[in-house]
Amino acid sequence: MTRRSCAHLETLDADQFGEPGTGAVYLLRGERTALVDSGTARSAPRLSAALRGVRLDWILITHAHLDHAGGAGLLAADHPEATVVAHPRTVPHLADPTRLEAGVRAASPDLFPYYGRPTAVPESRLRACTDGETLDLGRGVVLDAVYSPGHASHHVCWFEREGRVLFAGDAVGHHAVPVNLPLTVPPRFDLEKGLATLAVLRSLEPRTIAFAHFGVADRAADRLVEYATALERWIGRVAALRSHMTDAEVVDCILSEPPYGEMSSVGRHVARLCITGALASLPIEAS
Ligand SMILES: [Zn+2]
């Protein structure tokens, strides 16, 4: 389940929702170590096994969605030496994941069992990061925190300077997974903020992008431009459909198209989230 992308970076497959190649967690090693994201609560035992014997200094949570933050409590319990670092608005949800759990149960009740129940991270183990703060792992591995709203208001990317690797969380969408819709999930996708974030990420001049869904990919600059275009087209299309359909009809219309018509139920649930989040992001007058 572990793939070594370069000397200090390993990709760990969280086997998200029971499917390989859909949810990645990244392990960075200098003199100290950092894990980017924690996978779901359900995938945490698998990651714990892969991380046995590793001293973790930091667990960096890109944002408070359960496929990124749900395993934080379990991994923190397994690694009492680690500090869990996240956006200031994510930190309270890690200390008390009750609202996160309720939000996912409401938005996607059929998908919730695949996430599993998150457990709390003790407050003494949590730290809020600031925009632009630096984390020095030693041996030349230096990470910068980049606030990156759009997918979620509390999203943080991490940028590894030497290799110019952008740990994108969900800010740059999907890569190499069955659902190729832009990641416009509920409750608060924001197109303008997402596009502004992509411009900020471009200015970092990353060489590669480490996608949470899934894997490390080159052509970083092109991918950032392509995702901005894809986001605008996608939101434009959903708005156009909603001008003459109800929200439910928009969902059914898109899910009836290939490849979603023949996709696994989990894939369809993820696609449905992207559609409902896009609908929820539209201005009221578009309805
Ligand atoms: Zn997300």
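Residues numbered from 1 in each chain as written. Predicted model: local features only at pLDDT ≥ 70, side-chain atom pairs only at ≥ 80, totals over all residues.

Quick word on the packing of helix α9 (residues 247–255) against helix α10 (residues 265–281)
Now for step 1: Viewed as axis vectors pointing N to C, α9 and α10 meet at an angle of 140 degrees, and their least axial separation amounts to 10 Å. The angle between the axes of α9 and α10 places the two elements in the oblique class. Of the two elements, α9 crosses α10, and the hand of that crossing is right-handed. Contacts from Asp247, Val250, Val251, Ile254 and Leu255 in α9 reach Arg268, Ala271, Arg272, Ile275, Thr276 and Leu279 in α10.
Now for step 2: For the contact of α9 with α10, a count of residues per class yields seven nonpolar, one polar and three charged. (Axes fitted to C-alpha atoms, helices over the stretch in contact; angles between N-to-C directions. Helix = DSSP H or I, 4+ residues; strand = E, 2+ residues; numbered from the N terminus. Parallel < 35°, antiparallel > 145°, perpendicular 65-115°, else oblique. Left-handed = near helix turned anticlockwise from the far one by under 90°. Contact = placed C-beta atoms within 7 Å. Nonpolar A, V, L, I, M, F, W, Y, C, P; charged D, E, K, R; others polar.)

Concerning unusual backbone geometry
Now for step 1: The omega angle of the peptide bond from proline 186 to proline 187 is 5 degrees, so this bond is cis rather than trans.
Now for step 2: Within the secondary structure, proline 187 is located in the loop between β11 (165–169) and α7 (191–203).
Now for step 3: In this chain, histidine 213 is followed by phenylalanine 214 through a cis amide linkage whose omega measures 5 degrees.
Now for step 4: Backbone geometry places glutamate 205, a non-glycine residue, at a positive phi of 55 degrees.

Overview of the sheet that holds strand β13 (residues 215–217)
Now for step 1: In space, the six strands of this open sheet follow the order β8-β9-β10-β11-β12-β13, with mixed pairing throughout. Two strands bound the open sheet, and with one partner strand each, they are β8 (134–138) and β13. Averaged over all pairs of adjacent strands, the angle between their axes in this sheet comes to 20 degrees, without regard to strand direction.
Now for step 2: Relative to β11, strand β10 (residues 156–160) runs antiparallel, the two being bridged by three bridges. Note on β11: the bridge partner recorded for phenylalanine 159 is leucine 166. (Pairing = 2+ DSSP bridges.)

Focus: the nonpolar core
Now for step 1: Membership of the largest hydrophobic core comes to 84 residues, with the highest contact counts inside it found for Ile59, Val84 and Ala168.
Now for step 2: Considering every element that reaches this core, the biggest residue donor is helix α8 (residues 220–242), with eight residues.
Now for step 3: Ignoring any residue separated from it by four or fewer positions in sequence, one finds valine 84 in contact with Ile59, Ile61, Ala72, Ala76, Leu94, Val121, Arg125 and Leu126. (Core = buried A, V, L, I, M, F, W, Y, C linked by C-beta atoms within 7 Å. Buried ≥ 20, exposed ≤ 12 C-beta atoms within 10 Å, placed from the backbone.)

Notes on the packing of α8 against α9
Now for step 1: At their nearest, the axes of α8 and α9 sit 9 Å apart, and the two run at 125 degrees to each other. Judged on the interaxial angle alone, α9 and α8 are oblique. In this structure, α8 meets α9 at a crossing whose hand is right-handed. Along the contact surface, α8 presents Val238, Leu241 and Arg242, while α9 presents Asp247, Val250 and Cys253.
Now for step 2: Of the residues in the contact of α8 with α9, the class split is four nonpolar, no polar and two charged.

So, to be careful, I would describe these as geometric facts and stop short of saying anything about function.
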